[in-house]
Amino acid sequence: MPKYFYRTINDLNDLIKENLARLQSYNFDLIVGLPRRGMIPATLIGLFLNKPVVSFNELNANLASEKIGYRLQEESAKFPKSYSNILLVDDSTDEGTCF
């Protein structure tokens with residue numbers, strides 16, 4: 001039987017802060033969270049890096065209009081011109097096994 005390991009939001013926050021230097025070295029323009037589980041870590045990363053954050057659904061739905069997210073209404077928020085280096089965030093992994 002698999003052993004489950006749970007982390008708190010505080011643990012997640014601490015892990016992100018510990019790895020900020022690695023994230024900053026990539027110079028991301030936009031942080032994209034996968035719906036549900038990826039939005040909390042994406043938001044934390046975006047806050048720490050001072051970068052815009054949108055959900056994957058927002059990104060996908062707004063590609064046709066070339067606008068990124070309802071939060072970014074200024075003219076400079078055009079895709080793909082403004083955002084060429086995007087971080088896609090999820091908070092889970094799967095080993096590919098069934099039990």
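For the structure given in this document, a descriptive report is provided here.

Calculation criteria
Residues numbered from 1 in each chain as written. Predicted model: local features only at pLDDT ≥ 70, side-chain atom pairs only at ≥ 80, totals over all residues. Heavy atoms only, no water. Helix = DSSP H or I, 4+ residues; strand = E, 2+ residues; numbered from the N terminus. Buried < 20%, exposed > 50% of the residue type's maximum accessible area, 1.4 Å probe, protein only. Pairing = 2+ DSSP bridges. Axes fitted to C-alpha atoms, helices over the stretch in contact; angles between N-to-C directions.

## Some remarks on unusual backbone geometry
Its identity is not glycine, yet Asn27 carries a phi of approximately 50 degrees, on the positive side. Summarising the element assignment, Asn27 is placed in the loop between α2 (20-24) and β1 (30-33). With a phi close to 55 degrees, Asn50 is a non-glycine residue in the positive phi region. Looking at the secondary structure, you find Asn50 in the loop between α3 (39-49) and β2 (53-55). Asn50 gets classed as exposed once you look at its relative accessible area, which sits at 71%.

## Describing the sheet that holds β1
Within the open sheet, the three strands sit side by side as β2-β1-β3. Their pairing is parallel. One side of each edge strand has no neighbouring strand; the edge strands of this open sheet are β2 and β3 (86-89). Ignoring which end each strand starts from, the neighbouring axes of this sheet average 25 degrees apart. Strand direction decides the pairing type here: β1 and β2, joined by three bridges, are parallel.

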